[in-house]
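Close look at the chain arrangement
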Amino acid sequence: QVQLVESGGGLVQAGGSLRLSCAASGRTSSSYSTAWFRQAPGKEREFVTAISWSGGNTYYADSVKGRFTISRDNAKNTVYLQMNSLKPEDTAVYYCAADPTYGSRWYVSLRGYDYDYWGQGTQVTVSS
C-alpha cells in the first residue's frame, strides 16, 4: 500500500504563488506515475497535471499551462506542484494520485480511474 499526503495549500491573492507537496510513504520502492487533480465546489473533479516516474514526461490541462509546473524528487518520495499567477478560478481542493507503472519510467495516464492511490486533498483558495 502507498499513502499520499498533500501539503502546502492555503489562501493567496490573485497573481500569487503556492507550492504543493505530495509525500508518499509505505510501499514506494516501485515506479509510479503521479498526477494532480482538483475539485471546486459544485464542479466535477478535473485533471490538472501528471508526471512520469522519470520526470521527463509531463502533461498539463490547458487551463494551467504556462502557470503550473509539476516536478518530482524520487529520492524523497515527493511530487511538487508549483503554482504561479494564480487565479480565483484555481480555487479548489487539490488531490495527489499515484499509479504503479511496473517499471516504466515514461508511462503516464491522464485518466483518474487509472490511479490506484489518492491523498486526502489540500485546499487552495485564491482571492480576487
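Not measured: the values here are computed from a predicted model. (Residues numbered from 1 in each chain as written. Predicted model: local features only at pLDDT ≥ 70, side-chain atom pairs only at ≥ 80, totals over all residues. Heavy atoms only, no water.)

The next subject is the nonpolar core. Membership of the largest hydrophobic core comes to 34 residues, with the highest contact counts inside it found for Trp36, Phe68, Met83 and Tyr94. Residue assignment for this core shows that the elements contributing at least two residues are strand 1 (2–7), strand 3 (18–26), strand 4 (32–39), strand 5 (46–51), strand 7 (68–73), strand 8 (78–83), strand 9 (92–100) and strand 11 (122–127). Broken down by element, this core gets its largest block of residues, 5 residues, from strand 9. (Core = buried A, V, L, I, M, F, W, Y, C linked by side-chain atoms within 4.5 Å. Buried < 20%, exposed > 50% of the residue type's maximum accessible area, 1.4 Å probe, protein only. Helix = DSSP H or I, 4+ residues; strand = E, 2+ residues; numbered from the N terminus.)

To continue, consider the packing of aromatic side chains. Under the counting rule described, the total for this entry stands at 4 aromatic pairs. Measuring from centroid to centroid gives 5.8 Å for phenylalanine 37 and tyrosine 115, while their planes differ by 75 degrees, and the two rings are edge-to-face. Remark: tyrosine 115 occurs in the loop between strand 9 and strand 10 (117–118) and phenylalanine 37 occurs in strand 4; sequence separation between them is 78 residues. Across this residue pair, the class does not change: phenylalanine 37 and tyrosine 115 are buried. A centroid spacing of 5.1 Å and a plane angle of 45 degrees characterise the contact between phenylalanine 37 and tryptophan 118, whose relative ring orientation is tilted. (Phe/Tyr/Trp six-rings, centres within 6.5 Å; stacked < 30°, edge-to-face > 60°.)

Moving on, we get to the side chain of threonine 122. Position of threonine 122 among the secondary structure elements: in strand 11. The class of threonine 122 is buried, set by a relative accessible area of 11%. A polar contact is formed between the side chain of threonine 122 and the backbone nitrogen of glycine 9, at a distance of 3.3 Å. Excluding anything up to four places from it in sequence, threonine 122 contacts Glu6, Ser7, Gly8, Gly9, Leu20, Ala92, Val93 and Tyr94. (Polar contact = N/O pair within 3.5 Å; in protein donor to acceptor, adjacent residues only side chain to side chain. Contact = heavy atoms within 4.5 Å.)

With that settled, consider empty space enclosed by the protein. A full pass over the atoms with the stated rule returns 1 cavity of 30 Å³ or more. Approximately 140 Å³ is the volume found for the largest cavity. Ala24, Tyr32, Thr34, Arg72 and Asn77 are, among the 14 residues lining the largest cavity, the residues nearest its centre. Those elements giving two or more residues to the lining of the largest cavity turn out to be strand 1, strand 3, strand 4 and strand 8. When the residues that make up the lining of the largest cavity are grouped by side-chain class, the tally is 8 nonpolar, 5 polar and 1 charged. (1 Å grid on protein atoms, 1.4 Å probe; cavity = no way out; pocket = protein on both sides within 12 Å on 5 of 7 lines; lining within 4 Å. Points joined across faces, edges and corners; volume = space filled by probe spheres on them. Nonpolar A, V, L, I, M, F, W, Y, C, P; charged D, E, K, R; others polar.)

Take the pattern of salt bridges next. All chains considered together, the criterion is met by 5 salt bridges. Arginine 38 is paired through a salt bridge with glutamate 46; the nearest N and O atoms lie 2.7 Å apart. For arginine 38, a relative accessible area of 5% puts it in the buried group. Residue aspartate 114 is joined to arginine 111 by a salt bridge in which the shortest nitrogen-to-oxygen separation is 2.8 Å. Overall, the relative accessible area of 41% leaves arginine 111 in the partly exposed class. Each of the salt bridges in this network shares a partner with another, and the network as a whole consists of Arg38, Glu46, Arg67 and Asp90. (Salt bridge = Lys/Arg side-chain N within 4 Å of Asp/Glu carboxyl O.)

Strands sit in the order 1-3-8-7 across an open sheet of 4 strands; the sheet is antiparallel. Edge positions in the sheet fall to strand 1 and strand 7, since each of these pairs with one other strand and no more. Taking each pair of neighbouring strands and ignoring which way they run, the sheet shows an average axis angle of 15 degrees. Here strand 1 runs beside strand 3; their pairing, made up of 6 bridges, is antiparallel. What sits directly across from glutamate 6, in strand 3, is cysteine 22. (Pairing = 2+ DSSP bridges. Axes fitted to C-alpha atoms, helices over the stretch in contact; angles between N-to-C directions.)

Any functional reading would require information beyond the geometric quantities listed.
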